[in-house]
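Observations on chain architecture
For reference, the chains in residue letters:
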Amino acid sequence: MSLVYPIHTPRTLVRVVDAGDAQRLLRYRVQNREHLAPWEPLRDSSYYTLDHCIRTLADAREAMRLDRVYPFVVLDLAGADIIANFTFANIVRGAFQACHLGYSVAASRQGQGLMYEALSAVMPWAFRELDMHRVMANYMPRNERSGRLLERLGFEREGYAKRYLQIAGMWEDHVLTARIRED
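This section reports on the structure supplied with the text. (Residues numbered from 1 in each chain as written. Predicted model: local features only at pLDDT ≥ 70, side-chain atom pairs only at ≥ 80, totals over all residues. Heavy atoms only, no water.)

1. Section: the sheet that holds strand 5 (residues 98–105)
Spatially, the eight strands line up as an open sheet ordered 1-2-3-4-5-6-8-7, and their pairing is mixed. Every interior strand has two partners, whereas the edge strands, strand 1 (7–8) and strand 7 (156–167), have only one. Sheet analysis places strand 6 (residues 134–139) next to strand 8 (residues 170–180), joined by six bridges and oriented antiparallel. Its bridge partner lying in strand 8, arginine 134 is registered against isoleucine 180. Relative to strand 4 (residues 82–92), helix 1 (residues 22–31) is tilted by about 100 degrees, and along the sheet it contacts strand 2 (12–16), strand 3 (70–76), strand 4 and strand 5. Where helix 4 (residues 114–128) meets the sheet, its contacts fall on strand 1, strand 2, strand 3, strand 4, strand 5, strand 6 and strand 8, and the angle it forms with strand 4 comes to roughly 30 degrees. (Pairing = 2+ DSSP bridges. Helix = DSSP H or I, 4+ residues; strand = E, 2+ residues; numbered from the N terminus. Contact = heavy atoms within 4.5 Å. Axes fitted to C-alpha atoms, helices over the stretch in contact; angles between N-to-C directions.)

2. Here's the deal with the environment of histidine 52
Relative to the elements of secondary structure, histidine 52 occurs in helix 3 (residues 50–65). Under the relative-accessibility criterion, histidine 52 is labelled buried at 19%. Along the sequence, histidine 52 and alanine 95 sit 43 residues apart, while their C-alpha atoms lie 35 Å from each other. If near-sequence neighbours (up to four positions away) are discounted, histidine 52 is found in contact with Arg29, Ser46 and Tyr47. (Buried < 20%, exposed > 50% of the residue type's maximum accessible area, 1.4 Å probe, protein only.)

Spelled out as structure tokens, the structure:
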């Protein structure tokens, strides 16, 4: 499969992560620590260190090699800063051909349509190059912004899972959505 590198959108560069992203990733994590805390699992202080970022990127490259996860960064046009990220994860092949989509946007870049722009550019790649039949994305009911984004991207509600994931130390309900490849 080919990884288009990078995908250019009008306001961003989108590409899979690489080992050289460690400093950028650390800066993104530190700058958005409070902003993302309500939407993510509890994070140990080591998560916000360069060593952890280096390990994260090495693990990501290995997971890509094994066709399990494809993590992307969304960079500003200069390629200097991560302004968002997303991951196609939990890839299942065979009769399912599906994965989960997870994403985050920097606090300073919320509400600008950047995640819609980036994901609109990459979703065709996920269906064509990854050969996904289904991309699933789940969000907490109170995260209305996420719900609107997924709806705009063509994801449809498929269910509701009580106490689905442990987020910020609490078991949180999630709305289950998916987008199916149109052949």
